[in-house]
Amino acid sequence: MTPEQQQEILKLRALNVTPKQIARKLGLKGAEVTAFIKEQAQEAALAKAQSGELAPIDKCLVDTRCAKRLLFNNSSEKDSSQDGIGGLGLVLVARTTGYNRYSVCTYLVDYWCLGLKDTIGPKEFNGNKYTEFVQSSYNNFPYGYEEITLQQATAIVFGAIDYAKSLGFSPHRDFEQSRTHLGEWDGESQLKFGRAGRPFFISGPYDNFQRVINTLEKSVGVGNFDYFGGFEV
């Protein structure tokens, strides 16, 4: 493979031409083109890692219910008792770290009260495993998910954390591991957290119900928040 062919491969890949099409156009073997593209992607990813630069975003996702309530301010209190989700939302941020390689973090947020309840990652995936992880992450969200911008993802995660902190709650202990995956945060969120303007605590199977209630009474006062003592609302 000549240097001229290598440059042409990079130019065509930037135009989203497939390796098979590139090979046909340049009279090269498909495996040869694919190997070169992989090598270039790995070198680029290594250079970014060494410079401290984050890998490019592949996609950012959030469950559809959360998107409607927070991003589009379409809060439907009538159907909130039907799905068992309450104020939980799941944000997923995936970055590309090489050819068909991805680094993924998820953030489970309680945007009505507790903020970041759980986080996973960064987890590394290849190809189909990446797709399977995305699908399985949203299995418990009956309305599916949709793609959002990184700015919207950070507004949801950091905004929910800041809201919870104002109530006396800290983010999940693993947040420091997944925090940098989100990139920089400007500290401002225009999203409205809480339910109908008030904190609404829904006790889950791993929550210390009385401790949360005591914290809310200290932070906002008795009678200024709502709660539900079961696992669904």
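Parameters at a glance
Residues numbered from 1 in each chain as written. Predicted model: local features only at pLDDT ≥ 70, side-chain atom pairs only at ≥ 80, totals over all residues. Heavy atoms only, no water. Phe/Tyr/Trp six-rings, centres within 6.5 Å; stacked < 30°, edge-to-face > 60°. Helix = DSSP H or I, 4+ residues; strand = E, 2+ residues; numbered from the N terminus. Buried < 20%, exposed > 50% of the residue type's maximum accessible area, 1.4 Å probe, protein only. Pairing = 2+ DSSP bridges. Axes fitted to C-alpha atoms, helices over the stretch in contact; angles between N-to-C directions. Contact = heavy atoms within 4.5 Å. Core = buried A, V, L, I, M, F, W, Y, C linked by side-chain atoms within 4.5 Å. Expected span 1.5 Å × (residues − 1). Polar contact = N/O pair within 3.5 Å; in protein donor to acceptor, adjacent residues only side chain to side chain. Salt bridge = Lys/Arg side-chain N within 4 Å of Asp/Glu carboxyl O.

Participant: Looking at this model, I keep getting lost on the packing of aromatic side chains. Mind explaining?
Facilitator: Aromatic ring pairs are reported here in terms of the distance separating the ring centres and the angle at which the planes meet. One pass over the full model with this rule turns up 12 aromatic pairs. Both rings, one in Tyr102 and one in Tyr130, keep their centres 3.9 Å apart while their planes meet at 15°; by these two values the pair is stacked. Pair noted here: Tyr102 is in strand β3 (residues 101-110) and Tyr130 is in helix α5 (residues 127-137), with a separation of 28 residues, a long-range link. On the basis of relative accessibility, which here comes to 14%, the residue Tyr102 falls in the buried class.

Participant: Can you walk me through the sheet that holds strand β4 (residues 115-126) in this structure?
Facilitator: The strands making up a sheet are joined through hydrogen bonds of the backbone, oriented either antiparallel or parallel. Taken in spatial order, the five strands make up an open sheet running β4-β3-β2-β1-β5, and their pairing is antiparallel. Strand pairing shows two members of the sheet lacking a second neighbour, β4 and β5 (145-148), which therefore form its edges. Within this sheet the neighbouring strands show an average axis-to-axis angle of 20°, counted without direction. Across five bridges, strand β1 (residues 57-63) lies against strand β2 (residues 88-98) in antiparallel orientation. If you follow Cys60 over to β2, its bridge partner there is Val93. Running at roughly 160° to β4, α5 makes contact with β1, β2, β3, β4 and β5 of the sheet.

Participant: Just to check I follow, could you spell out the nonpolar core for this structure?
Facilitator: Across soluble globular proteins, nonpolar side chains have a tendency to be buried as a group. Ranked by internal contacts, the top residues of the largest apolar core, which has 39 residues, are Val91, Tyr107, Ile156, Phe169, Phe175 and Leu216. Elements supplying a minimum of two residues to this core: β1, α4 (64-71), β2, β3, α6 (150-167), β6 (200-202) and α8 (209-219). In terms of residue count, α6 provides more of this core than any other element does, 10 residues in total.

Participant: Sorry, what's going on with α4 here?
Facilitator: Along an α-helix, residues three or four positions apart point the same way, because every turn accommodates 3.6 residues. For α4, a buried count of seven out of eight residues is recorded, marking the element as mostly surrounded by other parts of the structure. Looking only at α4, the buried set comprises Thr64, Arg65, Cys66, Ala67, Arg69, Leu70 and Leu71.

Participant: Would you mind going over α6 with me for this structure?
Facilitator: Compared with an ideal rise of 1.5 Å per residue, which puts 18 residues at 26 Å, α6 spans 26 Å between its outermost C-alpha atoms and is within 8% of the ideal. Buried within α6 are the following residues: Ala153, Thr154, Ala155, Ile156, Val157, Phe158, Gly159, Ala160, Ile161, Tyr163, Ala164 and Leu167. With its phi angle positive at about 105°, Gly168 sits one or two positions after the end of α6.

Participant: Even after reading the chapter, I still don't get the pairing of β2, so can you show me in this structure?
Facilitator: One face of the sheet, then the other: side chains in a regular strand alternate in exactly this way. Counting buried positions along β2 gives nine out of 11 residues, so the element sits mostly inside the fold. Sheet topology places β2 next to β3; 10 bridges connect them, and they run antiparallel. Across the sheet, Gly89 pairs through a bridge with Val109, a residue of β3.

Participant: When you look at the side chain of His181 in this model, what are you seeing that I'm missing?
Facilitator: Examined against the element boundaries, His181 turns out to sit in the loop between α7 (175-178) and β6. Look at His181 and you get buried, because its relative accessible area is 5%. Within the structure, His181 has its side chain in polar contact with the backbone oxygen of Val93 (distance 3.1 Å). Leaving out residues up to four positions away in the same chain, His181 has contacts with Val93, Ala94, Arg95, Ser103, Val104, Cys105, Tyr107 and Pro122.

Participant: Help me understand the pattern of salt bridges, please; the structure alone is not making it clear to me.
Facilitator: Once their charged atoms are close, side chains differing in charge can pair, the charge on each being opposite to the other. Taken as a whole and assessed by the stated rule, the structure comprises five salt bridges. A salt bridge links Glu8 to Lys11, with the nearest nitrogen and oxygen atoms 3.9 Å apart. You can see Glu8 and its partner Lys11 sitting in helix α1 (residues 3-14), three residues apart, about one turn around the helix. For Glu132, the salt bridge goes to Lys129, with nearest N and O atoms at 3.9 Å. With Glu132 and Lys129 both in helix α5 and three residues apart, this pair spans about one turn of that helix. Judged by relative accessible area, which is 47%, Glu132 ranks as partly exposed. Judged by its relative accessible area of 53%, Lys129 falls in the exposed class.

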